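Breakdown of the fold
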Amino acid sequence: MAVPKVCGIETEFGIQHLGGDGNPVASSSLLVNAYVGGLARAGWDFEDEQPGNDARGFAREGALPPEVETHLVNAVLTNGARYYVDHAHPEYSTPECPDALELVRYDRAGEEILRRSMRAAAQVLPPGQRIVVYKNNSDGKGNSYGCHENYLMDRAVPFSRIARQVMAHFVTRQVFCGAGKVGTETAQAGADVPYQLSQRAEFFEEEVGLETTLKRPIVNTRDEPHADPQRYRRLHVIVGDANLCEVATFLKVGTTAFVLAMIEDEALGSPELVPANPVQAIRQVAADPSLKTTIDLTDGRRISALGVQWELLERAVKYAEDQGLGAVGGEAVGREVLRRWEEVLHGLETDPTEVAGQVDWCAKLQLIEAYRDRHGLDWDDQRLAALDLQYHDLRPERSLFQRLPTEHLVGEEAVLEAVGSPPRGTRAYFRGQCLARWASAITSANWDSLVFDLGTDPLRRVPMMDPLRGTAEHVGALLDSCATPAQLVARLSGRG
Amino acid sequence: MAERELKRRTAPSTREGDEEEPAASAQGERQGEKLKAELDDLLDEIDEVLEENAEEFVRNYVQKGGE
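Per an unreviewed UniProt entry, the recorded name for chain B is Prokaryotic ubiquitin-like protein Pup, and the organism is Aciditerrimonas ferrireducens. Check the Sequence similarities (unreviewed entry) section of the UniProt entry for chain B; it says "Belongs to the prokaryotic ubiquitin-like protein family." In its Function (unreviewed entry) section, the UniProt record describing chain B reads: "Protein modifier that is covalently attached to lysine residues of substrate proteins, thereby targeting them for proteasomal degradation. The tagging system is termed pupylation."

Take a look at the structure:
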């Protein structure tokens, strides 16, 4: 049986420092610092964890490796997320979420954190300066930055099979989770394409590989499980766009969880759907908003991206019947993924404006087409490129996305709650709760461990090697029964 | 889950030499006009918040690659 698809999203945001000196690393640091400066927080610990679990998923603490200092800003938040500066961008990594709907909530919480950061930065910047954040993936000039997804997988599944069987989904899922883009910006894409489904598709040059910044591969081979490496793999997915439409994020994650679970359970069926030329195919699909382009499969068939998605959906429906929805977010979320998957494919093949409330590239295209009509503009008019950029502006007073009537899956109150509180269904609960209760005693944290300074030597490391342990159900009562972090550590090591 | 037919319209796949699937799009005129009226209102609103100098705005938006 496939392991539950614990999932997360890392987003690198575009940043503009108006009136600044043009150093994006300094501006990103200022932005993140302005937000976390007012919060109790712990630093990020880059050290690898110690192996060894007890039944709750927490190992007894052992000898500790030396601490690593980091000069860039790096913080762990009480919602279990990581907020930091990566290269020249502010980056928010959601906490591990148990399903696609919860991940939509924590992705939205990330947007709120960036908005609060912009306001906090405005307080400390000299008059006339502002830092502005964009949730997009390219600058239109050939520079791309990522929005990566992560999915928990069973280590026993051979990576080569994952790479082969997931490829068709990664090439075609952009029909509902592409964020849309005016024009092209790489030599490979060709200059005569007015609008693309995806911000990122044209940047992919390889099928499978380790790189993320050069020669980007559709399937990324980074192997850092941030969990017990004997049991788990973390599939690091770099092929996606950052979405603003909640339904697009929900489908991006929800459908991918289904496909990965089916791969794990060898339930994808036949014939195998394998694009013959994935790199060419992902660009062809991106460049055709009419969705009529067909791609070649290795078995000689030609099929549209929608055709691939209908086949995957049919197989997912059968998978749900045969094996249930336990691995893909449970009954309610799993069913909702299937329902919306069908709905969006039906809408896309009928008329993409039908799903402008659910799909970013459709929402943006509809807006741009209307603006173009009104002002009689050619596709290369800079006002269209400006609309494209401003769609992604996170400032409420400037965001074009926020003015569009898109569908919400998560209430505003639930988003605000997620800014400060962790998801209840993964180990992020333990991380976030410990930080909320005892931040001053936690010297560092990372995905799979917390390090406590109890005022006695040595520091105590608490590994969390299983993303499915440390949930509210597992540790809620334990945390409530401890008045101090010393009590917690003692209880975890069997001495309390 | 009860066995049911997906509301699929796209041709499953074709092989070399098969006929192209005809375009499938039939939307009600009325819905289209309602949409256009809504979009007009939206464009009026958006005109108020658009960056003033589109060309400069686009030119100045330069990012370092990331990831």
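Picking up where we left off.
Helix and strand counts for chain A come out as 14 helices and 18 strands. Since a compact globule built from 496 residues should have a radius of gyration of about 23 Å, the 22 Å found for chain A is in line with a globular shape. With 496 residues in all, chain A has 63% of them scored as buried. Considering only intrachain contacts with a sequence separation of at least 6, the fraction spanning at least 24 residues in chain A is 72%.

For any two helices packed against each other, the geometry is given by the interaxial angle and the distance between the axes. All names here are of chain A. Remark: helix α1 (residues 24-36) packs on helix α2 (residues 100-124), axes separated minimally by 8 Å, with the N-to-C direction vectors making an angle of 95°. On the basis of the axis angle, α1 is roughly perpendicular to α2. Side by side, α1 and α2 meet where Leu30, Leu31, Ala34 and Tyr35 of the first sit next to Ile113, Leu114, Arg116, Ser117, Met118, Ala120, Ala121 and Val124 of the second. Among the residues forming the contact of α1 with α2, the class breakdown is 10 nonpolar, 1 polar and 1 charged.

Our next topic: the pairing of strand β17 (residues 449-452) of chain A. Residue and element names in this part refer to chain A. Covered by surrounding structure in β17 are Ser449 and Val451 together with Leu450 and Phe452, the residues of both alternating faces. Two strands pair when backbone bridges link them, and strand β16 (residues 442-446) and β17 are joined in this way by 4 bridges, in the antiparallel orientation. Its bridge partner lying in β17, Ser444 is registered against Val451. Hairpin geometry of β16 and β17 is characterised by an intervening segment of 2 residues between the two adjacent antiparallel strands. Bridge count between β17 and strand β18 (residues 460-463): 4 bridges; the pairing is antiparallel.

Residue and element names in this part refer to chain A. Backbone torsion omega between Ser270 and Pro271 reads 0°, so that peptide bond is classified as cis. Mapped onto the secondary structure, Pro271 falls in the loop between α5 (246-264) and α6 (278-286). Positioned with a positive phi, His87 is a non-glycine residue whose angle comes to about 55°. Here His87 is to be found in the loop between β5 (82-86) and β6 (89-93). The phi dihedral of Lys215 falls on the positive side, at around 45°, and the residue is not glycine. Its place among the elements puts Lys215 in the loop between β11 (204-209) and β12 (216-220).

As a further point, take the interface of chain B and chain A. Taken together, the 45 residues of chain B in the interface contact 68 residues of chain A. Roughly 5,100 Å² of surface becomes buried between chain B and chain A when both sides are summed, with 53% attributable to carbon and sulfur atoms. Here chain B and chain A share 5 salt bridges between them. Linking chain B with chain A are 17 residue pairs in polar contact (both at pLDDT 80 or more). Mapped by element, the contributors of at least two residues to the side of chain B that touches chain A are α1 (29-49) and α2 (54-60) of chain B. If you tally residues by element for the side of chain B that touches chain A, the top one is α1(B), at 10 residues. Of the residues that constitute the side of chain B that touches chain A, the class distribution is 18 nonpolar, 9 polar and 18 charged.

Take the domain arrangement of chain A next. Entries for chain A in the domain assignment read domain 1 (7-351 + 404-414) and domain 2 (427-492). The centre of domain 1 of chain A, based on its C-alpha atoms, is set 28 Å off from the matching centre of domain 2 of chain A.

For the rest of this paragraph, the subject is the confidence of the model for chain A. A residue-level look at chain A finds 93% of positions with pLDDT of 70 or above and a mean pLDDT of 92. For the stretch residues 48-71 of chain A, pLDDT sits under 50, and the model shows 56 contacts to residues farther than four places along the chain or on other chains.

Glancing now at the pairing of β6(A). All names here are of chain A. Where burial is concerned, most of β6 is hidden: 5 out of the 5 residues are buried. Alternating residues of β6 divide into His89, Glu91 and Ser93 and Pro90 and Tyr92, and every residue in both groups is buried. When strand β1 (residues 7-12) meets β6, the two strands line up antiparallel, connected through 3 bridges. Of the residues in β6, the one forming a bridge with Glu10 is Ser93. Relative to β6, β5 runs antiparallel, the two sharing 5 bridges. Residue pairing across strands places Tyr83 opposite Tyr92, the latter belonging to β6. Remark: 2 residues form the turn of the hairpin made by β5 and β6, two consecutive strands paired antiparallel; His87 in that turn has positive phi of roughly 55°.

A separate point is the packing of aromatic side chains. Enumeration according to the criterion identifies 7 aromatic pairs over all chains in this entry. Considering the side-chain rings of A:Phe258 and A:Trp341, the 6.3 Å spacing of their centres and the 55° angle between planes classify their relative orientation as tilted. Residue A:Phe258 is located in helix α5, and its partner A:Trp341 is located in helix α8 (residues 330-350); the two are separated by 83 residues in the primary sequence. You can call A:Phe258 buried: its relative accessible area is 0%. On the basis of relative accessible area, A:Trp341 is assigned to the buried category, the value being 0%. Put simply, the rings of A:Tyr134, B:Phe57 and B:Tyr61 touch in pairs and so form one group of aromatic residues. One residue, A:Arg82, lies across the ring of A:Tyr84, its end atom 3.8 Å from the ring centre. Here the basic side chain of A:Arg437 rests over the ring of A:Trp438, its NZ or CZ set 6.0 Å away from the ring centre.

Take the nonpolar core next. Residues and elements named next belong to chain A. Of all hydrophobic cores here, the largest spans 131 residues; its most connected members are Tyr83, Phe176, Ile218, Phe258, Trp341 and Leu348. The biggest single contributor to this core is α5, with 11 residues. In this structure Ile218 touches Met167, Phe170, Val171, Phe204, Glu206, Glu207, Val239, Pro278, Val279 and Ile282, once residues within four positions along its chain are discounted. Listed in part, the 21 residues of the second largest apolar core include Leu435, Trp438, Val462 and Ala472.

Basis of the calculations
Residues numbered from 1 in each chain as written. Chains lettered and ligands numbered in written order. Predicted model: local features only at pLDDT ≥ 70, side-chain atom pairs only at ≥ 80, totals over all residues. Heavy atoms only, no water. UniProt positions renumbered as here; feature names shortened; annotations may be inferred. Helix = DSSP H or I, 4+ residues; strand = E, 2+ residues; numbered from the N terminus. Rg over C-alpha atoms; globule rule 2.2 N^0.38 Å. Buried < 20%, exposed > 50% of the residue type's maximum accessible area, 1.4 Å probe, protein only. Contact = heavy atoms within 4.5 Å. Axes fitted to C-alpha atoms, helices over the stretch in contact; angles between N-to-C directions. Parallel < 35°, antiparallel > 145°, perpendicular 65-115°, else oblique. Nonpolar A, V, L, I, M, F, W, Y, C, P; charged D, E, K, R; others polar. Pairing = 2+ DSSP bridges. Buried area = accessible area lost by both parts, 1.4 Å probe. Salt bridge = Lys/Arg side-chain N within 4 Å of Asp/Glu carboxyl O. Polar contact = N/O pair within 3.5 Å; in protein donor to acceptor, adjacent residues only side chain to side chain. Domains from an automatic or database assignment. pLDDT = per-residue confidence, 0-100. Phe/Tyr/Trp six-rings, centres within 6.5 Å; stacked < 30°, edge-to-face > 60°. Lys NZ or Arg CZ within 6 Å of the ring centre and 35° of its normal. Core = buried A, V, L, I, M, F, W, Y, C linked by side-chain atoms within 4.5 Å.

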